[in-house]
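This is what each chain is made of:
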Amino acid sequence: MKGNSIKNMQKFILSLVLILVMSGAMAQSAGLKSANDFLRDNYSSLDKLYKHLHQNPELSLQEKNASELIASELQSLGFEVIKNLGGYSMAGIYKNGKGPTLLIRTDMDALPVEEKTGLPYASKVKAINAEGNEVSVMHACGHDLHMTVFVGAARTLIKAKDQWKGTLVMVAQSAEETGQGADLMFKAGLYNKIPKPDYAIALHDNPNLEAGKLGYRDGAFLAGVDMVDMTVFGEGGHGAAPHTTKDPIVLSAQIIMAFQTIVSREINPLEPAVVTVGSIHGGTVHNIIPDEVKLQLTLRSYSEEVRNHIIASMHRISKNLALAAGLPEDKIPVIKLREPYSAPLINNTALAKRIVSVFSKNFGSDNVVEMPLYMFGEDFAFFGRQDIKVPILMFWLGAVDPAKVQSAREKGEQLPSLHSPLFAPLPDPAIKTGVKAMVVAAFELFGKP
């Protein structure tokens, strides 16, 4: 009898453990089930939305149609919508009882790039940019994918609202590509016009990660970004008599080459940093040495110390080279940093660990990949750097056909990067994975009702 009692007790304990494990798994998968149910019946509408957005891209601060589409979508779901939050930025608020407040953000703008993907739904749009020039426009950074996931997540969460409690804030932002959008939103008082978020999350598609996978980092995620305008002065004259001039083109070339030593010889090799000259314009014809040259640069770093060192070195190098060329003090190159500065995006470590754990349980650890640092920038950093402190998290959404990723690895080739005219996400698995990830994360952060 005693032996049977022990066996019965062991069976009871084993059954109890199995029940607890199964109930825990069910709690973790509630969000995934809701997303799967929604996508099974409604994915075709998201595919249609994605292709519409892809074919109708809008430049930064011109996202009127995308903003109106998203506002209409949120209003139809019962959100209170606040517009005019800097550019065409807007926010939707859905109060669903007592609980945490979660902010989910998407960006909306496209790039002045001519699409060369050959897709049947490729963009053929042209628009007038801020300088008054006609340019081709393309969603070369995947913001069309972001918006589609954003709408899919909103639809799913509202349909499953009986399974969570709290306040959902959906923010659609203008002008991420120019680094202006988030700054404009906070100058418009975003955190004073919506319930204070307990968490803010966003995703970004990744051009090197297979569609169906998610990428993460806790802590440092993306670099701080400065855009710099620089004017190099000279004393112009006839190209046949260069000895009578101070040639700003030659001086610019010397400055550009010298700038390449800032990162390679002045910054600790273990510190990420970039100095890139993206544009140089000077002169009008073959045989005239101009009076000045215009440069445009981007600086990338992960620390204030490195950033300040780069900027100080640029001033030192350009000044001393100008003086060495015989130019007076009043013709020292002028360096102007554009505002706003986009600070490094630093994920909240506790929030990252929490969401990565949930992703691993729902998608499998093989599909949740720790990613390297990148020198891209993202103004989602602003959402975590206000007087009202909000934990933030951005994660990577795999966007590329797995067969293309495998082929590129085997051949040692580079895949088309973000901002490439050839960048083409694989919509079906990317959109579905993005919606599932956002819904799973939201269920985790809202907790049980």
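Residues numbered from 1 in each chain as written. Predicted model: local features only at pLDDT ≥ 70, side-chain atom pairs only at ≥ 80, totals over all residues. Heavy atoms only, no water.

Sheet architecture is open: four strands sit in the order β12-β14-β10-β15, paired in antiparallel fashion. Strand pairing shows two members of the sheet lacking a second neighbour, β12 (273–282) and β15 (334–337), which therefore form its edges. For this sheet, the mean inter-axis angle between neighbouring strands, taken without regard to orientation, is 20 degrees. In the packing of helix α6 (residues 248–266) onto the sheet, the strands contacted are β10 (224–233), β12 and β14 (292–301), and the crossing angle to β12 comes to about 170 degrees. Sitting on the sheet, helix α7 (residues 304–324) is in contact with β10, β12, β14 and β15, with an inclination near 160 degrees to β14. (Pairing = 2+ DSSP bridges. Helix = DSSP H or I, 4+ residues; strand = E, 2+ residues; numbered from the N terminus. Axes fitted to C-alpha atoms, helices over the stretch in contact; angles between N-to-C directions. Contact = heavy atoms within 4.5 Å.)

This structure, assessed with the given rule, holds eleven aromatic pairs. Ring centres of phenylalanine 79 and tyrosine 94 lie 5.3 Å apart, and the angle between their planes is 55 degrees; this geometry places the pair in the tilted category. Highlighted residues: phenylalanine 79 in the loop between α2 (64–76) and β1 (80–82) and tyrosine 94 in strand β2 (residues 90–96), separated in sequence by 15 residues. You can call phenylalanine 79 buried: its relative accessible area is 5%. (Phe/Tyr/Trp six-rings, centres within 6.5 Å; stacked < 30°, edge-to-face > 60°. Buried < 20%, exposed > 50% of the residue type's maximum accessible area, 1.4 Å probe, protein only.)

The next point concerns the environment of threonine 106. Positionally, threonine 106 belongs in strand β3 (residues 101–107). The spatial distance from the C-alpha of threonine 106 to the C-alpha of alanine 172 is 5.0 Å, given a sequence separation of 66 residues. Sequence-distant contacts of threonine 106, that is, excluding residues within four places in its chain, are made with His146, Met147, Phe150, Val171, Ala172 and Gln173. A polar contact is formed between the side chain of threonine 106 and the backbone nitrogen of methionine 147, at a distance of 3.4 Å. (Polar contact = N/O pair within 3.5 Å; in protein donor to acceptor, adjacent residues only side chain to side chain.)

The next thing to look at is the environment of glycine 86. Along the chain, glycine 86 falls in the loop between β1 and β2. The sequence separation of glycine 86 and aspartate 205 amounts to 119 residues, and the corresponding C-alpha distance is 24 Å. Setting aside chain neighbours within four positions, we find glycine 86 in contact with Ser174, Leu184 and Ala188.

Here eight strands make up an open sheet; going across it, the order is β1-β2-β6-β3-β7-β18-β8-β17 and the pairing mixed. The open sheet has two free edges, formed respectively by β1 and β17 (368–370), since each of these has just one partner strand. Between one strand axis and the next, the sheet turns through 25 degrees on average, direction left out of account. As defined by bridge partners, strand β8 (residues 214–216) adjoins β17 across three bridges and the pair is classed as parallel. For glycine 215, the partnering residue across the bridge sits in β17 and is valine 369. Set on the sheet, helix α8 (residues 349–363) makes contact with β7 (199–210), β8, β17 and β18 (392–400); between it and β18 the angle comes to about 35 degrees.

Going through the model one piece at a time under the given rule, you end up with 20 salt bridges. Among the ionic pairs, arginine 40 bridges to aspartate 37, the shortest N-O distance being 3.1 Å. In this pair, arginine 40 and aspartate 37 both sit in helix α1 (residues 2–55), three residues apart, roughly one turn of the helix. Accessibility expressed as a relative area gives 58% for arginine 40, which makes it exposed. Residue class for aspartate 37 comes out partly exposed when judged on its relative accessible area of 23%. Of the charged contacts, one joins aspartate 226 and arginine 307 as a salt bridge, the two residues approaching to 2.6 Å between their closest N and O atoms. Of this pair, aspartate 226 sits in strand β10 while arginine 307 sits in helix α7, placing them 81 residues apart in sequence. The same class applies to aspartate 226 as to arginine 307, namely buried. Linked by salt bridges that have partners in common, Lys33, Asp37, Arg40 and Asp41 make up one network. (Salt bridge = Lys/Arg side-chain N within 4 Å of Asp/Glu carboxyl O.)

Buried residues dominate β10, accounting for seven of its ten residues. The pairing of β10 with β14 spans ten bridges and is classified as antiparallel. Its bridge partner being in β14, aspartate 229 is matched across the sheet by glutamine 296. Here β10 runs beside β15; their pairing, made up of four bridges, is antiparallel.

Moving on, we get to the nonpolar core. By size, the foremost hydrophobic cluster in this structure holds 72 residues, and its most contacted members are Leu74, Phe79, Leu102, Ile104, Leu168, Ile201 and Phe359. With twelve residues, the top contributor of residues to this core is helix α10 (residues 427–446). When sequence neighbours within four positions are dropped, the list of residues in contact with phenylalanine 359 reads Leu214, Gly364, Val368, Phe395, Ala437, Val440 and Ala441. Within the second largest apolar cluster, 29 residues are counted, among which are Leu85, Ala91, Leu103 and Leu345. (Core = buried A, V, L, I, M, F, W, Y, C linked by side-chain atoms within 4.5 Å.)

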